[in-house]
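Inside the fold
Below are the chains, spelled out letter by letter.
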Amino acid sequence: SCPPADRLINEMARKPGVFALSLPVDYWDYIGWKDTLALPAHSNRQRQYARTRGDSNVYTPQAVIDGIAHVVGSDPDAIFRMANERYGKDGALLVAISARTHGAGLRVELGAAPGEGPRSAVLWLVRVASKSKVAIGRGENAGKTVEYSNVSRGFVRIGEWSGQAATFDIP
């Protein structure tokens, strides 16, 4: 059931204003083929989202919106419906953010939290491979080659944001 979700995220990644990120998980490795893009940290992040929500809903393909809501990752209607429902809720997508090169590094600037929005958050830098192709060796998709878009290759914690305008310089 994952190839349709992979194709969908490829389409979504091309849409202006959409930040679609693929986090291949490693918990299917036991079937005898290891996804070369899967990271244990992705599986852990998915489980942490479930703990934060207070449920145990961890499955593939799963789309997580704003780190809070989840829907089946191959259902475009459900994804866009949930994204529209979540837009602007709990401070999501309301804080101005910009990133640009600065010397040999990167400068990230965040605006202040508007109104009654959240007053703290953890800021993460996500290394992303814009396109990756993987030949599937075993399992229900054996023999297929899947193309991924915006694949996370790791998360780096930048720092804590207190709700006030802030600048972070990353080497």
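Structural data are supplied above this passage.
So, here is what we can say about the structure in this document. (Residues numbered from 1 in each chain as written. Predicted model: local features only at pLDDT ≥ 70, side-chain atom pairs only at ≥ 80, totals over all residues. Heavy atoms only, no water.)

Side note on the sheet that holds strand 3 (residues 97-102)
The strand order across the open sheet built from three strands is 3-4-7, with neighbouring strands paired in antiparallel fashion. The strands lining the two open edges of the sheet, one partner per strand, are strand 3 and strand 7 (166-170). When strand polarity is set aside, the average angle formed by the axes of neighbouring strands in this sheet is 20°. Here strand 4 (residues 105-110) runs beside strand 7; their pairing, made up of five bridges, is antiparallel. Bridge pairing links Arg-107 to Asp-169 in strand 7. (Pairing = 2+ DSSP bridges. Helix = DSSP H or I, 4+ residues; strand = E, 2+ residues; numbered from the N terminus. Axes fitted to C-alpha atoms, helices over the stretch in contact; angles between N-to-C directions.)

A look at the pattern of salt bridges
As a working rule, side chains carrying opposite charge can pair if their charged atoms are close by. Tallying each qualifying case throughout the model produces eight salt bridges. In this structure, Lys-34 and Asp-29 form a salt bridge, with 3.5 Å as the shortest nitrogen-oxygen distance. Asp-169 is the salt-bridge partner of Arg-107, the closest N and O atoms lying 2.7 Å from each other. With Arg-107 in strand 4 and Asp-169 in strand 7, this residue pair connects regions lying 62 residues apart in the sequence. A residue is classified by how much of its surface remains accessible, and Asp-169, at 46% relative accessible area, is partly exposed. When salt bridges that share partners are traced, they join Lys-131, Lys-133 and Glu-147 into one network. (Salt bridge = Lys/Arg side-chain N within 4 Å of Asp/Glu carboxyl O. Buried < 20%, exposed > 50% of the residue type's maximum accessible area, 1.4 Å probe, protein only.)

Concerning the packing of aromatic side chains
Tallying each qualifying case throughout the model produces three aromatic pairs. Measuring from ring centre to ring centre gives 5.7 Å for Tyr-27 and Trp-28, while their planes differ by 55°; the resulting arrangement is tilted. Judged by relative accessible area, Tyr-27 falls into the partly exposed class, the value being 22%. Trp-28 gets classed as partly exposed once you look at its relative accessible area, which sits at 40%. A cation over a ring is seen here: Arg-45 above Trp-124, with NZ or CZ 5.3 Å from the ring centre. Of note, Arg-45 hangs over the ring of Phe-155, and the distance from its end group to the ring centre comes to 3.8 Å. (Phe/Tyr/Trp six-rings, centres within 6.5 Å; stacked < 30°, edge-to-face > 60°. Lys NZ or Arg CZ within 6 Å of the ring centre and 35° of its normal.)

Brief notes about helix 1 (residues 2-13)
Here helix 1 spans 16 Å end to end across twelve residues, near enough to the 16 Å set by a 1.5 Å rise per residue. Close packing links the buried residues of helix 1 with helix 3 (76-86) and strand 6 (145-161). (Expected span 1.5 Å × (residues − 1). Contact = heavy atoms within 4.5 Å.)

Brief notes about unusual backbone geometry
Cis geometry marks the peptide bond from Thr-60 to Pro-61; its omega dihedral reads -10°. For Pro-61, the position within the fold is in the loop between helix 2 (40-53) and strand 1 (62-65). One non-glycine residue, Asp-66, lies in positive phi territory at about 60°. On the secondary structure map, Asp-66 appears in the loop between strand 1 and strand 2 (69-72). For Asn-150, which is not glycine, the phi dihedral falls at a positive 50°. Tracing the chain through its elements places Asn-150 in strand 6. The exposure class assigned to Asn-150 is buried, which follows from its relative accessible area of 17%.

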